[in-house]
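Okay, here's what each chain looks like letter by letter:
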Amino acid sequence: MRMYDLIMKKRSGLELTKEELTYMVSEYTKGEIPDYQMASMLMAIYFQGMTDEETAILTDCMAHSGDMVDLSPIKGIKVDKHSTGGVGDKTTLIVTPIVAACGVKVAKMSGRGLGHTGGTVDKLESIPGFLTDIPEEKFFEIVNKVGVSVIGQTGNLAPADKKMYALRDVTATVESIPLIAASIMSKKLAAGSDCILLDVKTGSGAFMKTVEDSTELAKKMVAIGEHNNRRTVALITDMDSPLGNYIGNALEVKEAVMTLRGEGPKDLTEVCVELAANMMYIAEKGSLEECKEQVKEAIRSGKALEKLKEFIAAQGGDVSVIEDPANFEQAACHYEVKAEADGYINHINTEEIGIASMVLGAGRETKESIIDYSAGIFLEKKYGDVVKKGDVLGVLYTNNEASIESAARIFKKAYTIGETQPVYKPHIYARVEANKVTMF
Ligand code: URA
């Protein structure tokens, strides 16, 4: 078999066979197929697309290119959750203790942030002492005992995806629905959970800018999960505005605690309740309505917050910052950005807000950048809010005073203030399960 012929075949819009995809992924992972040929294939896929069958096979080959995590030492049904990423997305910190408090096990591997998006591992590491790099036996032990553990990606998980994603990043082939679906689902399948809840973001801060594209991606990923006998459901949620009011690692932990106390912002609370209820639903804990009631009760009773503390303590974290987030080390500099006109917030360019937060030190410009855990942004005004000239739009936090000027400029530009109140936008657009899309 020759890679040249496979590129020609895909370029002509034909379907690749299982043997061909297996050859392509395994030889590329071994380094026998050069980057320039794989880059050409990725571009051919970008233009010609892939059938559902091809995408499922590609995903399976990528998942099996490295370790397949065996979660069988953990008793009961294990549920995973994946977000396609965004700004202010601290949902994992909120929903995993909720579902664990309701008896659903979560053994989760998470990533670090890069560029305008944050990562759960960084948020957790903002808690003094918290370890995201623990041995596998300890990980299993914590999930069995506490119900939830979150660690950084370990071992040799889907190495084909690591190579292909790096190549897509520099060859303008990231935005291909079958390639994104295969990339995300290969890691989810390799991570070993029985059920997968996908949070597919949509809008200016997301990979997918429209609800239609996000739904298309969600359908593909759900089909791949179900094809591999993993119960999979996806929610399409808004990322046209940052989620919640805080962006930045320790600031997001603080907001997660507020939400588990029942004092979180409406958008974040609504999305988290829906995500948690769906995780419980796929783990067969009742009807969607029953699961939603259990989720609300776990928050009301304080059990979910207690579970968060238990989980943080089990991984070495200092629980005093959860008991009172004022115990987090505070940033030395605060700067208020003020509105320059009267009106309504008509749009917030979410990607730009993520970049402003990165400039302040909360995110990574490159993989090597060092994070300032106390840096970030508080959004005083959100989409649809009324403002008067001179009102505070947001507060910037950093230990690097020199970053404030440029972060404030980016922040200000990200806000569009108009004369009329914009139309209401939902926080959740749709729910996608096998062969069924329900619009909210
Ligand atoms: N996240 C991934 O892991 N892969 C993609 O292709 C896009 C987002």
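In this text, all values refer to a predicted model and were calculated from it rather than measured experimentally.

1. Details of unusual backbone geometry
For step 1, the next point in the chain: Phi is positive for Ala 172, close to 55°, though the residue is something other than glycine.
For step 2, the next point in the chain: Among the secondary structure elements, Ala 172 is positioned in the loop between helix 8 (159-170) and helix 9 (177-190).
For step 3, the next point in the chain: A relative accessible area of 57% places Ala 172 in the exposed class.
For step 4, the next point in the chain: Phi at Glu 284 is positive, roughly 65°, even though this residue is not glycine.

2. Details of the sheet that holds strand 7 (residues 333-338)
For step 1, the next point in the chain: On the basis of which strands lie adjacent, the open sheet formed by four strands has the order 6-9-11-7 and antiparallel pairing. Where the open sheet ends on each side, the last strands, each with one partner, are strand 6 (246-247) and strand 7.
For step 2, the next point in the chain: Pairing geometry for strand 9 (residues 376-379) and strand 11 (residues 392-398), over four bridges, is antiparallel. Within strand 11, the position partnered with Phe 378 by the bridge is Val 395.
For step 3, the next point in the chain: Each of strand 6, strand 9 and strand 11 is contacted by helix 16 (residues 350-360), which is oriented at about 135° to strand 9, the strand it contacts most.

3. Examining the domain arrangement of the protein
Quoted interface sizes are often the accessible area lost when the parts come together.
For step 1, the next point in the chain: When its domains are assigned, the protein resolves into domain 1 (3-49), domain 2 (79-156 + 174-323 + 428-439) and domain 3 (330-418).
For step 2, the next point in the chain: Computed over C-alpha atoms, the centres of domain 1 and domain 2 are 33 Å apart.
For step 3, the next point in the chain: On the domain 2 side, the residues contacting the four residues of domain 1 number four residues.
For step 4, the next point in the chain: Overall, the association of domain 1 and domain 2 removes approximately 310 Å² of surface from exposure, summing both partners, and the carbon and sulfur fraction of that is 84%.
For step 5, the next point in the chain: Where domain 1 touches domain 2, the interface holds zero salt bridges.

4. A short note on the pairing of strand 14 (residues 436-439)
For step 1, the next point in the chain: Sheet topology note: the strand 13 (residues 428-433)/strand 14 ladder contains four bridges and is antiparallel. Residue pairing across strands places Ala 430 opposite Met 439, the latter belonging to strand 14.
For step 2, the next point in the chain: Remark: two residues form the turn of the hairpin made by strand 13 and strand 14, two consecutive strands paired antiparallel; Asn 435 in that turn has positive phi of roughly 60°.

5. Some remarks on the layout of surface pockets
For step 1, the next point in the chain: Of the volumes computed, that of the second largest pocket is approximately 350 Å³.
For step 2, the next point in the chain: Lining the second largest pocket are 16 residues, and of these Asp 267, Lys 382, Tyr 383, Lys 425 and His 427 lie nearest its centre.
For step 3, the next point in the chain: Here the lining of the second largest pocket takes three residues from helix 12 (residues 266-282), the largest share from any one element.
For step 4, the next point in the chain: Here the lining of the second largest pocket is composed, by residue class, of seven nonpolar, three polar and six charged.
For step 5, the next point in the chain: Mapping the lining of the second largest pocket onto the domain boundaries places at least three of its residues in each of domain 2 (79-156 + 174-323 + 428-439) and domain 3 (330-418).

6. A word on the pattern of salt bridges
For step 1, the next point in the chain: Under the defined criterion, the tally for this structure stands at 28 salt bridges.
For step 2, the next point in the chain: Of the charged contacts, one joins Glu 27 and Lys 30 as a salt bridge, the two residues approaching to 2.9 Å between their closest N and O atoms. Taken together, the residues Glu 27 and Lys 30, both in helix 2 (residues 18-30) and three residues apart, mark about one turn of the helix.
For step 3, the next point in the chain: Via salt bridges that share partners, Arg 112, Asp 122, Glu 125 and Arg 364 belong to a single interconnected network.

7. Focus on the pairing of strand 1 (residues 79-83)
For step 1, the next point in the chain: Within strand 1, five of the five residues are buried, leaving the element largely enclosed by the surrounding structure.
For step 2, the next point in the chain: By the alternation rule, side chains of strand 1 split into Val 79, Lys 81 and Ser 83 and Asp 80 and His 82, which are all buried.
For step 3, the next point in the chain: Bridge count for strand 1 against strand 4 (residues 195-202) is five bridges, and the pairing is parallel. In the sheet register, Val 79 faces strand 4, and the bridge partner there is Cys 195.

8. Focus: the site of the ligand
For step 1, the next point in the chain: With respect to spatial proximity, the complete set of residues near the ligand consists of Tyr 165, Arg 168, Ile 180, Ser 183, Ile 184, Lys 187 and Phe 207.
For step 2, the next point in the chain: The side chain of Arg 168 places a nitrogen or oxygen atom 2.9 Å from an oxygen atom of the ligand.
For step 3, the next point in the chain: Here the ligand, which alone exposes 240 Å², has 90% of that area covered by the protein.
For step 4, the next point in the chain: Looking at the shell around the ligand, the elements that each hand over two or more residues are helix 8 and helix 9.
For step 5, the next point in the chain: The dominant element in the shell around the ligand, judged by the number of residues it contributes, is helix 9, at four residues.
For step 6, the next point in the chain: Along the lines of polarity and charge, the residues of the shell around the ligand split into four nonpolar, one polar and two charged.

9. Considering the nonpolar core
For step 1, the next point in the chain: The biggest cluster of nonpolar side chains holds 90 residues, and the ones touching the most others in it are Ile 98, Ile 127, Phe 311, Ile 322, Ile 353, Ile 377 and Phe 411.
For step 2, the next point in the chain: Per-element tally for this core: the top contributor is helix 12, with ten residues.
For step 3, the next point in the chain: The residues that make up this core include at least three from each of domain 2 (79-156 + 174-323 + 428-439) and domain 3 (330-418).
For step 4, the next point in the chain: In this structure, Val 25, Met 38, Ala 39 and Leu 167 belong to the second largest nonpolar core, which totals 24 residues.

Parameters at a glance
Residues numbered from 1 in each chain as written. Predicted model: local features only at pLDDT ≥ 70, side-chain atom pairs only at ≥ 80, totals over all residues. Heavy atoms only, no water. Helix = DSSP H or I, 4+ residues; strand = E, 2+ residues; numbered from the N terminus. Buried < 20%, exposed > 50% of the residue type's maximum accessible area, 1.4 Å probe, protein only. Pairing = 2+ DSSP bridges. Contact = heavy atoms within 4.5 Å. Axes fitted to C-alpha atoms, helices over the stretch in contact; angles between N-to-C directions. Domains from an automatic or database assignment. Buried area = accessible area lost by both parts, 1.4 Å probe. Salt bridge = Lys/Arg side-chain N within 4 Å of Asp/Glu carboxyl O. 1 Å grid on protein atoms, 1.4 Å probe; cavity = no way out; pocket = protein on both sides within 12 Å on 5 of 7 lines; lining within 4 Å. Points joined across faces, edges and corners; volume = space filled by probe spheres on them. Nonpolar A, V, L, I, M, F, W, Y, C, P; charged D, E, K, R; others polar. Near = heavy atom within 4 Å. Polar contact = N/O pair within 3.5 Å; in protein donor to acceptor, adjacent residues only side chain to side chain. Areas by Shrake-Rupley, 256 points an atom, 1.4 Å probe, with all protein chains shown as cover. Core = buried A, V, L, I, M, F, W, Y, C linked by side-chain atoms within 4.5 Å.

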